[in-house]
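Working through the structure, step by step
The primary structure of each chain is shown beneath.
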Amino acid sequence: MGPIGPGRCAKKALQHHVHCQGAPLAGIRGIGTRGLSVLVHCQRPPVCVMSGYMTAPLRSNEQDGVTVRTHTSIYGPNVTPLKVTPMTTLVFGHKSPDTDSTGSPLIWEWLLNHTGIEAKAALLGDPNTEAAFVAKRWGFDLPEVINDVDDDQSCVIVDTNNPAELPANINNADVLAIIAHHKLAGGLETKNPINITVRPLACTATIMHQMMGEHAGHMPEGIKGLMLSCILSDTLAFRSPTTTEVDKELAESLAKDLKINIEDYAGEMFEAKSDVSAFSDAELLRMDSKEYAVDGKKFRVSVLETTAPGIVLDRKEALMKEMPKVAKADKVDEVLLFVVDIIKEEATMLIPNDLVKTVAEKSFDATVEDDSVVLPGIMSRKKQIIPALKV
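Residues numbered from 1 in each chain as written. Predicted model: local features only at pLDDT ≥ 70, side-chain atom pairs only at ≥ 80, totals over all residues. Heavy atoms only, no water.

1. Section: the overall build of the protein
- Summing up its helical and strand segments, the protein has 12 helices and 17 strands in all.
- The buried share among the 391 residues of the protein stands at 55%.
- The long-range share in the protein, meaning contacts at least 24 apart out of those at least 6 apart in sequence, stands at 64%.
- Carbon and sulfur atoms provide 49% of the accessible area of the protein, an area that totals close to 16900 Å². (Helix = DSSP H or I, 4+ residues; strand = E, 2+ residues; numbered from the N terminus. Buried < 20%, exposed > 50% of the residue type's maximum accessible area, 1.4 Å probe, protein only. Contact = heavy atoms within 4.5 Å. Areas by Shrake-Rupley, 256 points an atom, 1.4 Å probe, with all protein chains shown as cover.)

2. Considerations on the pattern of salt bridges
- Under the definition given, this model contains 13 salt bridges.
- The residue Glu-144 makes a salt bridge to Lys-120 at a minimum N-O spacing of 3.3 Å. One end of the pair, Glu-144, is in strand S9 (residues 144-145); the other, Lys-120, is in strand S8 (residues 119-123), with 24 residues separating them in the sequence.
- You can call Lys-120 partly exposed: its relative accessible area is 38%.
- One salt bridge connects Arg-239 with Glu-263, and the closest N-O pair in it is separated by 3.7 Å. With Arg-239 in the loop between helix H5 (221-235) and helix H6 (245-258) and Glu-263 in helix H7 (residues 262-274), this residue pair connects regions lying 24 residues apart in the sequence.
- A residue is classified by how much of its surface remains accessible, and Arg-239, at 25% relative accessible area, is partly exposed.
- Exposure remark for Glu-263: the relative accessible area of 45% places this residue in the partly exposed category. (Salt bridge = Lys/Arg side-chain N within 4 Å of Asp/Glu carboxyl O.)

3. Examining the sheet that holds strand S15 (residues 334-341)
- Strand order across the open sheet formed by five strands is S13-S14-S15-S16-S17, with mixed pairing between neighbours. Edge positions in the open sheet fall to strand S13 (289-294) and strand S17 (372-376), since each of these has one partner strand only. This sheet shows a mean twist of 25° between the axes of neighbouring strands, independent of strand direction.
- Bridging between strand S14 (residues 297-306) and S15 involves eight bridges; their strand directions are parallel. Paired with Phe-299 across the strands is Glu-334, a residue of S15. (Pairing = 2+ DSSP bridges. Axes fitted to C-alpha atoms, helices over the stretch in contact; angles between N-to-C directions.)

4. Quick word on the sheet that holds strand S10 (residues 154-158)
- If you walk across this open sheet you meet the six strands as S9-S8-S7-S10-S11-S12, and the pairing is parallel. Here the strands that pair on one side only, and so sit at the sheet edges, are S9 and strand S12 (195-198).
- Sheet analysis places S8 next to S9, joined by two bridges and oriented parallel. Paired with Leu-123 across the strands is Val-145, a residue of S9.
- Of the strands in this sheet, strand S7 (89-92), S8, S10 and strand S11 (174-180) are in contact with helix H2 (residues 99-114), which crosses S8 at around 170°.
- Helix H4 (residues 204-212) contacts S10, S11 and S12 of the sheet and is inclined by roughly 105° relative to S11.

5. Remarks on the packing of aromatic side chains
- Counting across every chain of the model gives three aromatic pairs.
- Ring centres 6.5 Å apart and planes at 35° place the aromatic pair Phe-133 and Tyr-265 in the tilted group. Here Phe-133 is found in helix H3 (residues 129-137), whereas its partner Tyr-265 is found in helix H7, with 132 residues between them in sequence.
- For Tyr-265, a relative accessible area of 2% gives the class buried.
- With a centroid separation of 5.8 Å and 75° between ring planes, the pair formed by Phe-338 and Phe-364 is classed as edge-to-face. Remark: Phe-364 occurs in helix H11 (residues 354-364) and Phe-338 occurs in strand S15; sequence separation between them is 26 residues.
- Residue Phe-364 is classed as buried on the basis of its relative accessible area, which comes to 15%.
- Through a chain of ring-to-ring contacts, three or more aromatic side chains come together here, namely Phe-133, Trp-138 and Tyr-265.
- The ring of Trp-138 is capped by Arg-137, whose NZ or CZ atom sits 4.1 Å from the centre of that ring. (Phe/Tyr/Trp six-rings, centres within 6.5 Å; stacked < 30°, edge-to-face > 60°. Lys NZ or Arg CZ within 6 Å of the ring centre and 35° of its normal.)

6. As for the environment of Ser-380
- Summarising the element assignment, Ser-380 is placed in the loop between S17 and helix H12 (381-385).
- C-alpha separation for the pair Ser-380 and Val-340, spaced 40 residues apart in sequence, amounts to 8.7 Å.
- Ignoring sequence-local partners within four residues, the contact set of Ser-380 consists of Ser-240, Pro-241, Thr-242 and Ile-385.
- At a separation of 3.4 Å, a polar atom in the side chain of Ser-380 contacts the main-chain amide nitrogen of Lys-382. (Polar contact = N/O pair within 3.5 Å; in protein donor to acceptor, adjacent residues only side chain to side chain.)

7. So, unusual backbone geometry
- Residues other than glycine seldom take positive phi values, yet Ala-237 does so here, at roughly 55°.
- Tracing the backbone through its elements, the reader meets Ala-237 in the loop between H5 and H6.
- Ala-237 sits in the buried class, given a relative accessible area of 4%.
- One non-glycine residue with positive phi stands out, namely Asp-295, at about 50°.
- Considering the arrangement of structural elements, one finds Asp-295 in the loop between S13 and S14.
- Overall, the relative accessible area of 65% leaves Asp-295 in the exposed class.

Encoded structure:
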């Protein structure tokens, strides 16, 4: 078969997503009514790759001498297939990579490549010690850290939808999909309609498992290990109030397949997370943090989850001295730091000034008498800290 130009394919492209290995189809977009796509086979070398998502087995038939393969999209029926693109699709999370924001890009990288789509995981910052431990434990090299994305770079965003946590040029990239478990932050612009999957579960990896369909049965041991680790990290081994039965059941199933004792393995993870000796004060304040605005005030809300809170609290004076420097550099009004004791299931909030003292008292009905205050039962930034913040 010779080259197929846009004129010949345009009509078909209205109903199908076209992947041509020998024709210049980069400008064609498809509109799928049932999550269908077309694979057009030529004898010429590949010049473009498809950035789409498939879960059901491919079915072939002949139309006008062209082999047409249809599949159900990973996002379900009635979705718009993604454009033909010569780029590798990048998959990344937020700028403070924890275990979920490190492991989930690797999981989705595997799925896309498994389904014939060239993809590569990336990080937007250095991962925390737990994430590094998990990657090594399951045989993965840490993804490359990138500072920004180029114009039109195909990408999938996971574990966030907040522009403040994403590359500066994200609105000029070609975002293909968002997979997350956080509330919508607003402010993100895309070049085209995209697939967004946001579900009220504790972990992005749990959502990914739901989206995989039958491909979940093909996961190798390493991917299962990453998925289990992401869930245990985000749920604090089911201690966090964000935990759902869906997360717990999946984690228990994965642990059974992997012959892993959950409490023992979670203990190893939390021990790795608690080793923060190599990090500077500024790095600790940014390690697991998100920016939020409350009544006209911008906060960097930082959480350090640990089984050894004394290691962090012994640095309290230095951390509080560093807070205004980090706030100024990051263009926020204050840094709020919560040191979460995983074992005691409580958080210690540092109180460097009167504004933070007011926030603590109004938000958590606390009585502040010193430069820190213990908040019993506070474990989750997403469910307990952010919704409660008042100034």
